[in-house]
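Architecture and fold: a report
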Amino acid sequence: STKELRDLLTLGGFPEPFLSGSEVEAKRWSREYRSRLINEDLSSLERIQDLGNLELMSLRLPDLVGSPLSIHSISQDIQISHKAVSHWIQILERLYAIIRLPPFGAQKIRAVKKEQKHYHFDWTLIQNKGLRFENMTAMHLLKWVHFEIDSKARNLELRYFRDIDKREVDFVVVEDQKPLYFIECKWSDTDISPSLKYLKARFPGAQAWQITAEGNKDYISPDNIRVAPAPVFLNTLI
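Bear in mind that the values here come from a model prediction, so they are computed numbers and not experimental data.

What counts and how
- Residues numbered from 1 in each chain as written.
- Predicted model: local features only at pLDDT ≥ 70, side-chain atom pairs only at ≥ 80, totals over all residues.
- Heavy atoms only, no water.
- Core = buried A, V, L, I, M, F, W, Y, C linked by side-chain atoms within 4.5 Å.
- Buried < 20%, exposed > 50% of the residue type's maximum accessible area, 1.4 Å probe, protein only.
- Helix = DSSP H or I, 4+ residues; strand = E, 2+ residues; numbered from the N terminus.
- Expected span 1.5 Å × (residues − 1).
- Polar contact = N/O pair within 3.5 Å; in protein donor to acceptor, adjacent residues only side chain to side chain.
- Pairing = 2+ DSSP bridges.
- Contact = heavy atoms within 4.5 Å.
- Axes fitted to C-alpha atoms, helices over the stretch in contact; angles between N-to-C directions.

Some words on the nonpolar core
Formed by 33 residues in total, the largest nonpolar core has its most connected members in Phe171 and Val173. Only helix H1 (2–11), strand E1 (98–101), helix H7 (129–152), strand E3 (156–162), strand E4 (168–175), strand E5 (178–186), strand E6 (207–212) and helix H9 (230–234) provide two or more residues apiece to this core. The greatest single-element share of this core, amounting to eight residues, is contributed by H7. In terms of nonpolar packing, the next biggest core, distinct from the first, is built from 22 residues, Trp29, Leu61, Ile89 and Ala97 among them.

The following block contains the structure:
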């Protein structure tokens, strides 16, 4: 429902803050969670002498959600070596603080090959409401992909699309290296993304969705793209 979606966006997906029903409690939980992650969980795994700068990096990362993650830019921002930043991001991945998605590439498209996007398991860290919605959708898709892999041994991957002509689609679910779903996230009702149309035309067998956080439109376009409020799509996932 719309209320459940709003609560998820505001309170996050972890049980304790979500079930509290309180935005204040959710913010407190998120702050304590991040502190424990850096000062306890991470310190128990790795000998890191520069926890201060690692915490600075962790505070910087939520602002970079939704765009290809540049290790070089982060290293320049906080004046730390490229190698250290790369290593710290790998640690945050191992601790399930963030995930990184590789780009989807195929012969029919001129996709970028190396740039990765990242998302946070605690999406309440993200201030921009549109990017928070995109991050929340990423976590729902990741949960579904992992469930299908574990329960049915499907060869699924979660990726995103970006090509050298700057066309982008938020998410691509791939099975056996072939696209299964294309998903584009929008905050409200708007025209269908030209990039989504581009991908759907090249891979007509894949399902294409444009989902909205606050939109009301629900229809199938002449291009066979489903436009719908987010709960319609998310309810098809577990």
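Side note on H7
A rise of 1.5 Å per residue sets the reference length of H7, with its 24 residues, at 34 Å; its end C-alpha atoms lie 34 Å apart and thus fit the reference within 8%. Capping the start of H7 is the job of one residue whose side-chain oxygen sits 3.0 Å from the backbone nitrogen of glycine 130: asparagine 128. Just downstream of H7, alanine 153 is the residue with a positive phi angle, here 55 degrees.

Side note on the sheet that holds E6
Picture the strands of a sheet paired through backbone hydrogen bonds; they go either parallel or antiparallel. Taking strand neighbours across the sheet as the criterion, the six strands line up as E3-E4-E5-E6-E8-E7 in an open arrangement whose pairing is mixed. Edge positions in the open sheet fall to E3 and strand E7 (219–220), since each of these has one partner strand only. As defined by bridge partners, E3 adjoins E4 across six bridges and the pair is classed as antiparallel. Bridge pairing in E4 links arginine 162 to glutamate 168. Packed on one face of the sheet, H7 meets E3, E4, E5 and E6 and runs near 150 degrees to E3. The strands that helix H8 (residues 194–202) touches are E3, E4, E5, E6 and strand E8 (225–229); relative to E4, the one it contacts most, it runs at about 30 degrees.

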